[in-house]
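Overview (structure and organization)
One-letter residues, chain by chain:
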Amino acid sequence: YNVNYVNITTGEQFKPTFLKISPNNRMPAIIDPDGPDGEEISIFESGAILQYLGEKTGMFYPKEHRKRIEVDEWLFWQVGNLGPMGGQAHHFRNYSQKKIQYAIDRYTNEVNRLYGVLDKKLSDGREYIAEEYSIADMACIGWIRSPERKGQNLEDFPFLKGWFDRVINRPAVLKGI
């Protein structure tokens, strides 16, 4: 694959060429020149990209229906909860020019609750979110990284911390970071 950086400080994400790939002007977005039926396809939104690549490659996305449902649940949990709440906590705690305590508290507390949800899921002794390493782990790892920027301490979530240590040290995750 080729990585093409989009310079958001100069507004490249608003140029028609990028909006054709990602109409929401956000990253990530991909172009697969060998998409369905051999035709090029562009895909935006991280969850859709992960599902597409999992289905296409047959990797990290179970074929067995029950196992796939569990992966999808946690992928959508990240997309609808962990990502948005983590992003808001990160923004209001670190970048907002005006410090709004209500927003800081609300999003910090919600991330704390969500970290607790994942910690409880991992408390049954499993190594990964679903039965095996999957796109659900890939989706979540970035939102657990730098917990202090979201007002969290992984020491408060021992099962989540163990999972984080396992996933963050995978060679492909290290390469991606």
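This text follows the structure it describes.
First, a word on scope: everything that follows refers to the structure included in this document. All figures in this text were calculated on a predicted structure; none of them were measured in a lab.

This brings us to the environment of R113. Its place among the elements puts R113 in helix α4 (residues 101-122). As a C-alpha pair, R113 and F164 span 51 residues in sequence and 17 Å in three-dimensional space.

The subject of this paragraph is the packing of aromatic side chains. Enumeration over the complete set of coordinates arrives at five aromatic pairs. Where F92 meets Y107, the ring centres are 5.8 Å apart and the plane angle is 5°; that geometry is what we call stacked. One end of the pair, F92, is in helix α3 (residues 65-94); the other, Y107, is in helix α4, and 15 residues separate them in sequence. Neither residue differs from the other here; F92 and Y107 are each classed as buried. Taking 5.7 Å as the distance between ring centres and 75° as the angle between the ring planes, the aromatic pair formed by Y115 and F157 counts as edge-to-face. Of this pair, Y115 sits in helix α4 while F157 sits in the loop between α5 (135-144) and α6 (158-168), placing them 42 residues apart in sequence.

Next up on the list: the layout of surface pockets. In this approach the atoms are scanned with a rolling probe the size of a water molecule, which exposes any empty space left behind. Looking at the largest pocket, its volume works out to about 2,600 Å³. Lining the largest pocket are 49 residues, and of these P28, A29, I30, S46 and I49 lie nearest its centre. Those elements that place two or more of their residues in the lining of the largest pocket are α1 (16-21), β1 (29-32), α2 (46-57), α3, α5 and α7 (171-176). At eight residues, the largest contribution of residues to the lining of the largest pocket is made by α2.

With that settled, consider α2. Between its first and last C-alpha, α2 extends 16 Å over twelve residues, near the 16 Å set by a 1.5 Å rise per residue. Just downstream of α2, G58 is the residue with a positive phi angle, here 75°.

For the structure on display, the rule yields eight salt bridges. Its salt-bridge partner being E70, residue K121 comes within 2.5 Å of it at the nearest N-O pair. Here the residue K121 occupies a position in helix α4, and E70 occupies one in helix α3, the gap between them amounting to 51 residues. Look at K121 and you get buried, because its relative accessible area is 18%. Overall, E70 belongs to the buried group, its relative accessible area being 18%.

Turning to the environment of D32, a few remarks are in order. Here D32 lies in strand β1. Judged by relative accessible area, D32 falls into the buried class, the value being 9%. Along the sequence, D32 and G87 sit 55 residues apart, while their C-alpha atoms lie 28 Å from each other. Setting aside its immediate chain neighbours within four residues, D32 contacts E39, E40, I41, Y52 and K56. There is a polar contact of 2.9 Å between the side chain of D32 and the backbone nitrogen of D34.

Cut-off values and rules
- Residues numbered from 1 in each chain as written.
- Predicted model: local features only at pLDDT ≥ 70, side-chain atom pairs only at ≥ 80, totals over all residues.
- Heavy atoms only, no water.
- Helix = DSSP H or I, 4+ residues; strand = E, 2+ residues; numbered from the N terminus.
- Phe/Tyr/Trp six-rings, centres within 6.5 Å; stacked < 30°, edge-to-face > 60°.
- Buried < 20%, exposed > 50% of the residue type's maximum accessible area, 1.4 Å probe, protein only.
- 1 Å grid on protein atoms, 1.4 Å probe; cavity = no way out; pocket = protein on both sides within 12 Å on 5 of 7 lines; lining within 4 Å.
- Points joined across faces, edges and corners; volume = space filled by probe spheres on them.
- Expected span 1.5 Å × (residues − 1).
- Salt bridge = Lys/Arg side-chain N within 4 Å of Asp/Glu carboxyl O.
- Contact = heavy atoms within 4.5 Å.
- Polar contact = N/O pair within 3.5 Å; in protein donor to acceptor, adjacent residues only side chain to side chain.

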